[in-house]
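Geometric and topological summary
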Amino acid sequence: MPSSSDKSRWRGLTPGRIVFTLFVWGLGFTMLFPLLWMISTSLKAPGKEYIMPPSLIPDPVHWRNYLEVFRAMPFGRFLFNTCLVTVAVTFGQALTCSMAAFAFSRLKFPGRDKIFLLYLTTLMIPGVVTLIPLFVIMQYFGWIDTYQALIIPGLFSAYGTFLLRQFFLGIPLALEDSAHIDGCGPWGVYWNVILPLSKPALVTLIIFTFMGAWRDFLWPLVITNSLEMRTLTVGLSIFRGAYVSDWNLMMAGSCLVMAPLVFVFLFNQRFFVEGIQLTGIKG
Amino acid sequence: MKDDQLALSPVLKAEEREPATTMKRNGARRGRGLRQLATAFPFLAPNLIGFFLFTFFPVLASIALSVTKWDLLTPPEFVGLENYANLIGFSFDQGRLQFNDPDFWKYVWNTIFLMGAIPLAMAGSLFLAILLNGKFPGRSILRSIYFLPSMCVPVAVYMLWRWLLNPGTGLLNWVLSYVGIEGPDWLGSTTWSKPALMLAGLWASVGGYNMILYLAGLQGIPGELYEAAKLDGAAPWHRFRYITWPLLAPTTFFITVTSIIAGLQGGFDAAYIMTNGGPAGSTTTIMFYIYNSAFQWMKMGYAAAMAWVLFTMVFAITLLNWRVGGRHAQFF
């Protein structure tokens, strides 16, 4: 282990530290390699992916695979569907959960704690228990294969309400009181005091909902059946069925499904890390 | 300002406790209760209506469904506990144990087998966290690299691993052939299909959520403890064994519980994309069986009963968490 008194990371590179550094970077490269391989395969000309020994650098670079993917399947539509559903669910859930969490933590009304207990109880029930009845409800509403079915059940979350309520409870009441003196009603307190002060918890909820909605596979698979209503993940699985041995195209499709999420992650890493720590420690 | 806070908060706290104790038999109070409800309702309504419609009611409906036989086309038929009996029941036939649904038990075993990756993944996460807690050039970039696979979309990750695990032309078997091992037909063999899925899952999770939690735990351990141990001549392994490991116990416990709960409900995406549950059902998990029962074979009641059996398992782990976790909380 390197000594902790070193001020600079570069100064005093002992042989031990050089070996350590090479080791951690080697490990990082190994973990990254499958992703590089995916990108590489997606850019190889058809047939070239089978050449042995394999090479990481595609020669020639065959960008057309990506065009081919869009021609073979309505990936543009899938992308639109996923974006629409993800954005609607993420912001809808942040809104309904923060409002309910405000009522549960800052307002007084009869039966409050009993209703909240009901929320808590359902937290323990796995989503698969409600999957089948939800499907039946959607069918009853005539919502199968619609945006309503993809979006509306995702707008409410007992977990999100719980997370935000716990955070709201930690905000000093005195701040709220001074808002009351300034003539703020409950909506003013909610919007001007509580929400701005709970950015860490809101960002955490937004990130987790966003990730969950983008990655979701089972629900969109069950609830949609026309090609136009499929999301990226389900579209990719259909694509797999149709082009089972065209690895270039399949890897190009996989890259397309991942890329937006990976970019969101790369530019917001700090929030991801802080969010995990927030929920992990509180949970 | 500071004084204000101190003076105000106990008063308000006391007032907050009021409704629970005094709501009964007082007309004025009841009027106030109604006014409070009128204020709170608009905040509560959107989430509460959604909660009742899409969470609470489906839970009740699921119980009702689990005692019926229903294919969605003909009206449901009440069958009592028959679904549960068919699912977990067994009998003895000439001294031999006969399960009513041997497939279910096979898939329970598959699920547990695949959960065998949990200790490996946890050890890996802890190892990576310890590495990242050291000092070396480019640490923050490397943290992102370790973290990246867990940020990917599972469906696409499993697609990628199908390609890496391809028997003839996949990268993994090529690497293995380099060291003189003839790689198996990973996803086509009942022996290797489960390890193959575990490998893909490990890659996708080892640097993720749990590594970050461990890293946070490590950063919370005061450096003086290590300094003192060093002065006492403790070797690195002993410092890990007697300082790091015990102080990370709450984190380890939390990760164990959440991983088991997730593992019991896991395996759907991987099975659907990589193996379709095969070969010969060797990668079908409880979740995949529920999906197939409900949406391929239209056995809604049977699938609902299975979901409740799964819930019982998850609930048992949750109870264990409360029992043991309560004791932990007193310690730390």
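Nothing here was measured: the structure is a model prediction, and the numbers come from that model.

Moving on, we get to the overall build of chain B. For chain B, the helix and strand inventory stands at 16 helices and four strands. Relative to its full complement of 332 residues, chain B shows a buried share of 36%. Considering only intrachain contacts with a sequence separation of at least 6, the fraction spanning at least 24 residues in chain B is 62%.

Let us now look at the overall build of chain A. What chain A contains, in helices and strands, is 14 helices and zero strands. Mapped in sequence order, the helices and strands of chain A form the string α-α-α-α-α-α-α-α-α-α-α-α-α-α. For 283 residues, the compact-globule formula gives about 19 Å, and the C-alpha radius of gyration of chain A, at 24 Å, lies well above that figure. Its C-alpha atoms give chain A principal-axis dimensions of about 75 × 65 × 35 Å. The proportion of buried residues among the 283 residues of chain A is 40%. Within chain A, contacts between residues separated by at least 24 positions form 73% of all contacts whose residues are at least 6 apart in sequence.

Attention shifts here to the packing of helix 13 (residues 247-267) of chain A against helix 7 (residues 154-164) of chain B. Across the interface, helix 13 of chain A lies against helix 7 of chain B with an axial gap of 9 Å and an inter-helix angle of 155 degrees. When the axis of helix 13 of chain A is compared with that of helix 7 of chain B, the two are roughly antiparallel. Note that helix 13 of chain A runs across helix 7 of chain B; the crossing there is left-handed. Where helix 13 of chain A approaches helix 7 of chain B, its residues A:Trp247, A:Met250, A:Met251, A:Ser254, A:Val257 and A:Met258 are matched on the opposing element by B:Val155, B:Ala156, B:Met159, B:Leu160 and B:Trp163. Of the residues in the contact of helix 13 of chain A with helix 7 of chain B, the class split is 10 nonpolar, one polar and no charged.

Time to look at the interface of chain A and chain B. Counting residues at the interface gives 80 residues for chain A and 82 residues for chain B. Counting residues per element, the side of chain A that touches chain B draws most heavily on helix 1 (residues 15-42) of chain A, which supplies 13 residues. Class assignment of the residues belonging to the side of chain A that touches chain B gives a composition of 57 nonpolar, 15 polar and eight charged.

Generally speaking, soluble globular proteins have nonpolar side chains that are buried together. The biggest cluster of nonpolar side chains holds 149 residues, and the ones touching the most others in it are B:Ala156, B:Ile290, B:Met306 and B:Ala307. Of all the elements, helix 3 (residues 75-106) of chain A adds the most residues to this core, at 12 residues. There are two domains that each give this core at least three residues, and those are domain 1 (15-64) and domain 2 (73-242) of chain A. Discounting residues that sit within four places of it in the chain, B:Met306 has contacts with B:Leu87, B:Ile286, B:Tyr289, B:Ile290 and B:Ser293.

Right, let's get into the confidence of the model for chain A. For chain A, the mean per-residue pLDDT works out to 88, and 94% of the residues sit at or above 70. Contacts for the low-pLDDT stretch residues 1-7 of chain A, under 50 throughout, to residues beyond four places or in other chains number nine contacts.

Let's shift gears to the domain arrangement of chain A. Splitting chain A by domain gives domain 1 (15-64) and domain 2 (73-242). Distance between the C-alpha centres of domain 1 of chain A and domain 2 of chain A: 38 Å.

All names here are of chain B. Look at the link from Gly278 to Pro279: it is a cis peptide, with omega at -10 degrees. For Met298, which is not a glycine, the phi torsion comes out positive at approximately 55 degrees. When you line up the elements, Met298 lands in the loop between helix 15 (286-296) and helix 16 (300-331).

With that settled, consider helix 7 of chain B. Taken across its 11 residues, helix 7 of chain B has 11 buried, putting it largely inside the fold. Within the sequence span of helix 7 of chain B, burial applies to B:Pro154, B:Val155, B:Ala156, B:Val157, B:Tyr158, B:Met159, B:Leu160, B:Trp161, B:Arg162, B:Trp163 and B:Leu164.

So, about the pairing of strand 4 (residues 96-99) of chain B. All names here are of chain B. As paired strands, strand 3 (residues 90-93) and strand 4 are joined by four bridges and run antiparallel to one another. Looking across to strand 4, one finds that Asp93 is bridged to Arg96. Adjacent in sequence and paired antiparallel, strand 3 and strand 4 are bridged by two residues, among which Gln94 carries a positive phi angle near 50 degrees.

Residues and elements named next belong to chain A. Looking at the secondary structure, you find Gly160 in helix 7 (residues 158-169). Spatially, the C-alpha atom of Gly160 lies 9.6 Å from that of Phe208, the residues being 48 residues apart in sequence. Excluding anything up to four places from it in sequence, Gly160 contacts Gln93, Cys97 and Leu205.

Here we take up the environment of A:Gly241. Residues and elements named next belong to chain A. Relative to the assigned elements, Gly241 resides in helix 12 (residues 232-242). Owing to 8 C-beta atoms within 10 Å, Gly241 belongs among the exposed residues under this scheme. Along the chain, Gly241 and Gln139 lie 102 residues apart, while their C-alpha atoms are 26 Å from each other.

Okay, the environment of A:Ala103 next. On the secondary structure map, A:Ala103 appears in helix 3. Judged by C-beta crowding, with 28 C-beta atoms within 10 Å, A:Ala103 ranks as buried. Put simply, A:Ala103 and A:Ile51 are 52 residues apart on the chain and 63 Å apart in space, counted from C-alpha to C-alpha. Once you skip the residues sitting within four places of it in the chain, A:Ala103 turns out to touch B:Ala40, B:Phe43 and B:Leu44.

Summing up the model confidence of chain B, the mean pLDDT is 86 and the portion of residues at 70 or higher is 89%. Low confidence marks residues 328-332 of chain B, where pLDDT is under 50. Its contacts with residues over four positions away, or in another chain, come to three contacts.

Parameters and conventions
- Residues numbered from 1 in each chain as written.
- Chains lettered and ligands numbered in written order.
- Predicted model: local features only at pLDDT ≥ 70, side-chain atom pairs only at ≥ 80, totals over all residues.
- Helix = DSSP H or I, 4+ residues; strand = E, 2+ residues; numbered from the N terminus.
- Buried ≥ 20, exposed ≤ 12 C-beta atoms within 10 Å, placed from the backbone.
- Contact = placed C-beta atoms within 7 Å.
- Rg over C-alpha atoms; globule rule 2.2 N^0.38 Å.
- Axes fitted to C-alpha atoms, helices over the stretch in contact; angles between N-to-C directions.
- Parallel < 35°, antiparallel > 145°, perpendicular 65-115°, else oblique.
- Left-handed = near helix turned anticlockwise from the far one by under 90°.
- Nonpolar A, V, L, I, M, F, W, Y, C, P; charged D, E, K, R; others polar.
- Core = buried A, V, L, I, M, F, W, Y, C linked by C-beta atoms within 7 Å.
- Domains from an automatic or database assignment.
- pLDDT = per-residue confidence, 0-100.
- Pairing = 2+ DSSP bridges.

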